Amino acid sequence: MKIIQTLAIATLGILLAACGSNEDTNENTGSVNDIAPTNTQKTTDHGATDKSEVGFEMAGGNIEEATNVPAKEKEAILAAFDEYMEAFNDEDINRYMNTISKNPEGFNHDDEKVVVEQTFNDYDTIRTADNTTIIKYDKTHAQVFANIHIALEQPDSGAKLDRDGRQVTVFVKEDGNWLVTSVYFIGDSAAE
């Protein structure tokens, strides 16, 4: 049971890898060492100071595509989201960090690197996204909704855990590139 709890905590850490805090005093740093219940929904909203900035209700609601996204920007934003996911799945820390904002709203850039490197060392993880939709857009910020599935395995023990949830990844445009600045996630109950 302890292995399953450890894996559940690791899953939360992986989900929140881009959600550490800029505040040194915050006890929940988004790391694999954070403690969270394993049999309940977990909502995380690291990032925007005004939670009304998130383009949908995390607990449900309709997902509607933003209609004001120029075709070129839509392509660039979705490509940035895909790169963020693929770099993590490939466990390429430099490539992954290139998808992350240098001045994030929802986490500390340097802490993020440490947490993700540790995750790559301790776990084999594949994250997949379905229903990827740009739900909010302006020239400098974009919000991408996706249903996320995480398959996690701890090679040392062979323990496995699958986790599903809904996520909004907030991007900011820096030097002409769309980069992750914060992540909002609500996890479904862990699969038995």
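Above this note sits the structure.
Here's what I pulled together on the structure shown here. (Residues numbered from 1 in each chain as written. Predicted model: local features only at pLDDT ≥ 70, side-chain atom pairs only at ≥ 80, totals over all residues. Heavy atoms only, no water.)

### A look at helix H4 (residues 109-122)
Turning to step 1, where the next piece is worked out: The first and last C-alpha atoms of H4 sit 20 Å apart over 14 residues, in line with the 20 Å expected at 1.5 Å per residue.
Turning to step 2, where the next piece is worked out: For H4, the set of buried residues is His 109, Glu 112, Val 115, Val 116, Thr 119 and Phe 120. The arc that holds the buried residues of H4, viewed along the axis, is 135°, so those residues lie on one side. Of the residues in H4, the exposed ones pointing more than 90 degrees away from the buried face are Asp 110, Val 114 and Asn 121.
Turning to step 3, where the next piece is worked out: The distance from a side-chain oxygen at the start of H4 to the backbone nitrogen of Asp 110 is 2.9 Å, and the residue carrying that oxygen is Asn 108. (Helix = DSSP H or I, 4+ residues; strand = E, 2+ residues; numbered from the N terminus. Expected span 1.5 Å × (residues − 1). Buried < 20%, exposed > 50% of the residue type's maximum accessible area, 1.4 Å probe, protein only. Arc of directions from axis to C-beta. Polar contact = N/O pair within 3.5 Å; in protein donor to acceptor, adjacent residues only side chain to side chain.)

### Some details on helix H2 (residues 71-89)
Turning to step 1, where the next piece is worked out: Here H2 is 19 residues long and its end C-alpha atoms lie 27 Å apart, about the 27 Å a rise of 1.5 Å per residue gives.
Turning to step 2, where the next piece is worked out: Burial in H2 covers these residues: Glu 73, Ile 77, Ala 80, Phe 81, Tyr 84, Met 85, Ala 87, Phe 88 and Asn 89.

### Digging into the pairing of strand S4 (residues 159-174)
Turning to step 1, where the next piece is worked out: Counting buried positions along S4 yields 12 of 16 residues, so the element is predominantly enclosed.
Turning to step 2, where the next piece is worked out: Pairing between strand S3 (residues 141-154) and S4: 14 bridges, direction antiparallel. Paired with Glu 153 across the bridge in S4 is Lys 160.
Turning to step 3, where the next piece is worked out: The turn joining S3 and S4, which pair antiparallel and follow one another in sequence, is formed by 4 residues; a positive phi near 80° is taken by Gly 158.
Turning to step 4, where the next piece is worked out: Across 10 bridges, the pairing between S4 and strand S5 (residues 177-187) is antiparallel. What sits directly across from Lys 173, in S5, is Trp 178.
Turning to step 5, where the next piece is worked out: Connecting S4 to the antiparallel partner S5 that follows it, the hairpin turn spans 2 residues, and Asp 175 within it adopts a positive phi of roughly 50°. (Pairing = 2+ DSSP bridges.)

### Considerations on the packing of aromatic side chains
Turning to step 1, where the next piece is worked out: By the definition in use, this model includes 5 aromatic pairs.
Turning to step 2, where the next piece is worked out: Seen from their ring centres, Phe 81 and Tyr 84 are 6.2 Å apart, and the 50° between their planes marks the pair as tilted. Residue Phe 81 and its partner Tyr 84 are both found in helix H2; the two are separated by 3 residues, about one turn of the helix.
Turning to step 3, where the next piece is worked out: Here the aromatic rings of Phe 88 and Phe 120 are separated by 5.2 Å at their centres, their planes lie at 65°, and the arrangement is edge-to-face. Taken together, the positions of Phe 88 in helix H2 and Phe 120 in helix H4 put the pair 32 residues apart, joining distant regions of the chain.
Turning to step 4, where the next piece is worked out: Note on Phe 88: relative accessible area 1%, which makes it buried.
Turning to step 5, where the next piece is worked out: When its relative accessible area of 10% is taken as the criterion, Phe 120 is described as buried.
Turning to step 6, where the next piece is worked out: Cluster of aromatic residues (ring-pair linked, three or more members): Phe 81, Tyr 84, Phe 88, Tyr 96 and Phe 120.
Turning to step 7, where the next piece is worked out: Directly above the aromatic system of Tyr 84 lies the positively charged group of Arg 127, at a separation of 4.9 Å from the ring centroid. (Phe/Tyr/Trp six-rings, centres within 6.5 Å; stacked < 30°, edge-to-face > 60°. Lys NZ or Arg CZ within 6 Å of the ring centre and 35° of its normal.)

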